[in-house]
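Listed below are the residues making up each chain.
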Amino acid sequence: MSLQTYPNTVDNRPVTSERSFESKNPATGEAIGLVPHSSAEQVEQAVRAARKAQPAWAARPDAERRALLMKVAEVLHGNAEYLAGWVTREQGKPLGGVGPTEVPGARFELFGCEAWTQVPASLEMPVDVVFEDATRRDEMHRKPFGVIAAIAPWNWPLLIAIWQIVPSLRAGNTVVIKPSEYTSIGTLEMVRLIAEVLPPGVLNTVSGTGEVGGWLVENPDVDKIMFTGSSATGAKIAAAAARNLTPTTIELGGNDAAIVLPDADPKAIAMDLFWGAFLNMGQTCACAKRLYVPDALHDAVVAELKAIAEAMPMGDGAQPGIAMGPIQNRMQFDKVRRLVDEARAGGATIVCGGEPRAGAGNFYPLTLVTDIADGASLVDEEQFGPVLPVIRYRDIDDAIAQANRVDVGLGASVWGTDIEQARAVASRIEAGTVWINQHGAIHPMVPFGGVKGSGWGLEFGIDGLKAVTQPQVISLKKKPQ
Ligand code: NAD
């Protein structure tokens, strides 16, 4: 059977390319569709379409843009099952469900897409009067940048695309988005569907490898770049942006520390700690990637996590009852395998997992590693997979110093019963967000972003909306009374 090609959307029209490539199901290795590899000229056409549509889109009353984005939320709702199917087939996370007892999988991702559309569409962004006296009045207005180029990763392909698209559109920008080459079809299909309720040219896609992303970010007609992905690519994007002085929001990798305090209750925290580390098979930017546990609680915490990990059914996420899917791609799979093998060779203990599963698909079991310390590659590098190193500590000052040792700072968490003490520890950690008794608990109203090598700029909430606008001060001299 020949594979279907899923086109890009430019000016609300389907666009295919001379070249295309296969998208593969990471649970089976099967090709599931063809993705166009946009040419340099097609990237230019997409930016031109966005440029042409932008003045009229920005000129619409804010209320109209908000209403259209609420329609986008309805389209996402109405197509949630179809799009969740693509997320599972292409990204690998299980379909799961929505609700506190359900596995947070592809349906949860679609639920997030809807929420992260409704919130930016609902926020008020009034003009700020920053100064006023008898002689003058100074107002801060927020204007769109113009054309936004968005580049997305493969771990939460639809949700992260929505984070980039919706606030940008709300603020009066138009968008060209390039999904990851590993997970393009779901995003291309999502954009095709939501563009139907938007004017032509307002939301466009291009697709392909990093080369295509490079053409997009280097385009001098792009007014702002939103990038989410690895630190290595982030550095390349920042360099490309510098040549045109294009502003950027850069959300990069992390190596989040979770610190369990001596007064924590291992049983009570275990399930939240587990999902904090293993959500989406650990392929989440703000997953706990290093766990620091005091000597006295070490064995109890490890035993609780092991029991949960071993009870999680792993397999093709399209099947019912599956909690954990495959690793999304072979490159990531090989990285996880290397980090665990190096830890083992360095004398660490593999408490559970630790060997790839034979057969089709990128299946690697949930893995806990103990008797490991800072300096091991599994601790110092971002594993971005289903492996958690557990590091003992004696002194909380040491644990904090170790948490802060790395050159990234996306998230972190502190777990304990005395909240004031947990807060005191949280305030000493170098990270964009420090959660207490939860990890990775992002919310559409709460700003999110990294410090140090995890990038710059904020997404979500009113700060996220401001980040896709440029300020303009209107300064008025008053007539003498
Ligand atoms: P990646 O950097 O390999 O790819 C991300 C995107 O950049 C892809 O679309 C890719 O095609 C594109 N790209 C690659 N080279 C490019 C270039 N030279 N110019 C323009 N575009 C280029 O990242 P990934 O492997 O897809 O994602 C995993 C990483 O993303 C992890 O490090 C993870 O922590 C990070 N991440 C961060 C956040 C956050 O909010 N901070 C969220 C999710 C993922």
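In this text, all values refer to a predicted model and were calculated from it rather than measured experimentally.

Here's the deal with the pairing of strand β5 (residues 128–132)
Step number 1: Here four bridges tie β5 to strand β6 (residues 136–144), and the two strands are oriented antiparallel to one another. Looking across to β6, one finds that Asp 128 is bridged to Met 140.
Step number 2: Counted along the chain from β5 to the antiparallel partner β6, the turn is three residues long.

A few points about the environment of Tyr 292
Step number 1: Mapped onto the fold, Tyr 292 is located in strand β13 (residues 288–294).
Step number 2: Classification of Tyr 292 as buried rests on a relative accessible area of 0%.
Step number 3: For the pair Tyr 292 and Val 390, spaced 98 residues apart in sequence, the C-alpha separation works out to 6.0 Å.
Step number 4: Ignoring sequence-local partners within four residues, the contact set of Tyr 292 consists of Ala 257, Ala 258, Ile 259, Val 260, Asp 374, Val 379, Ile 391, Tyr 393, Ala 399 and Gln 402.
Step number 5: A distance of 3.1 Å separates polar atoms of two side chains, one belonging to Tyr 292 and the other to Asp 374.

Structural notes on the sheet that holds strand β18 (residues 411–415)
Step number 1: The mixed open sheet is built from seven strands, whose spatial order is β14-β15-β16-β13-β12-β18-β19. Of all strands in the sheet, those with a lone pairing partner are β14 (349–352) and β19 (433–436), marking the two edges. If you compare each strand with its neighbour and ignore which way they point, the axes differ by 25 degrees on average.
Step number 2: Pairing of strand β12 (residues 256–260) with β18 involves four bridges; the strand directions are parallel. In the strand pairing of β18, Ile 259 is matched with Val 414.
Step number 3: Lying on the sheet, helix α14 (residues 419–426) is in contact with β18 and β19; it crosses β19 at an angle near 160 degrees.

Some details on the packing of helix α3 (residues 80–91) against helix α6 (residues 184–195)
Between two packed helices, the angle of one axis relative to the other and the distance separating the axes together describe the packing.
Step number 1: Axis separation between α3 and α6 bottoms out at 8 Å; the angle between their running directions is 165 degrees. Classified by the interaxial angle, the pair formed by α3 and α6 is roughly antiparallel. The hand of the α3/α6 crossing is left-handed. Here Tyr 82, Leu 83, Trp 86 and Glu 90 of α3 lie close against α6, whose contacting residues are Ser 184, Ile 185, Gly 186, Glu 189, Met 190, Arg 192 and Leu 193.
Step number 2: Taken together, the residues that form the contact of α3 with α6 break down as six nonpolar, two polar and three charged.

Rules behind the numbers
What you see as residue numbers is a count from 1 along each chain, following the sequence as written. The predicted origin of the model limits local features to residues at a pLDDT of at least 70 and limits the giving and counting of side-chain atom pairs to 80 or more, whereas totals for whole chains, interfaces and linings rest on all residues. Neither water nor hydrogens contribute to the side-chain values; these are computed over all heavy atoms in the structure. Strands are treated as partners if at least two bridges between them are detected by DSSP. Each helix corresponds to a stretch of at least 4 residues labelled H or I by DSSP, and each strand to a stretch of at least 2 residues labelled E; elements are numbered beginning at the N terminus. Exposure categories follow from relative accessible area, calculated using a 1.4 Å probe and restricted to protein chains: below 20% of the type maximum is buried, above 50% is exposed, and the middle band is partly exposed. Between two residues, a contact is recorded if the distance between any of their heavy atoms is within 4.5 Å. Any pair of nitrogen or oxygen atoms within 3.5 Å is treated as a polar contact; in protein, a donor-acceptor pairing is required on top of that, and neighbouring residues in sequence qualify only through side-chain atoms on both sides. Axis angles are defined between N-to-C directions and span 0 to 180 degrees, where every axis is a line fitted to C-alpha atoms and, for a helix, only to the segment in contact. Roughly parallel refers to an angle under 35 degrees, roughly antiparallel to one over 145, roughly perpendicular to one between 65 and 115, and oblique to any angle outside these ranges. It is the rotation of the near helix from the far one that decides the hand of a crossing: anticlockwise by less than a right angle makes it left-handed, clockwise makes it right-handed. Polar here means any residue outside two lists: the nonpolar Ala, Val, Leu, Ile, Met, Phe, Trp, Tyr, Cys and Pro, and the charged Asp, Glu, Lys and Arg; Gly therefore counts as polar.

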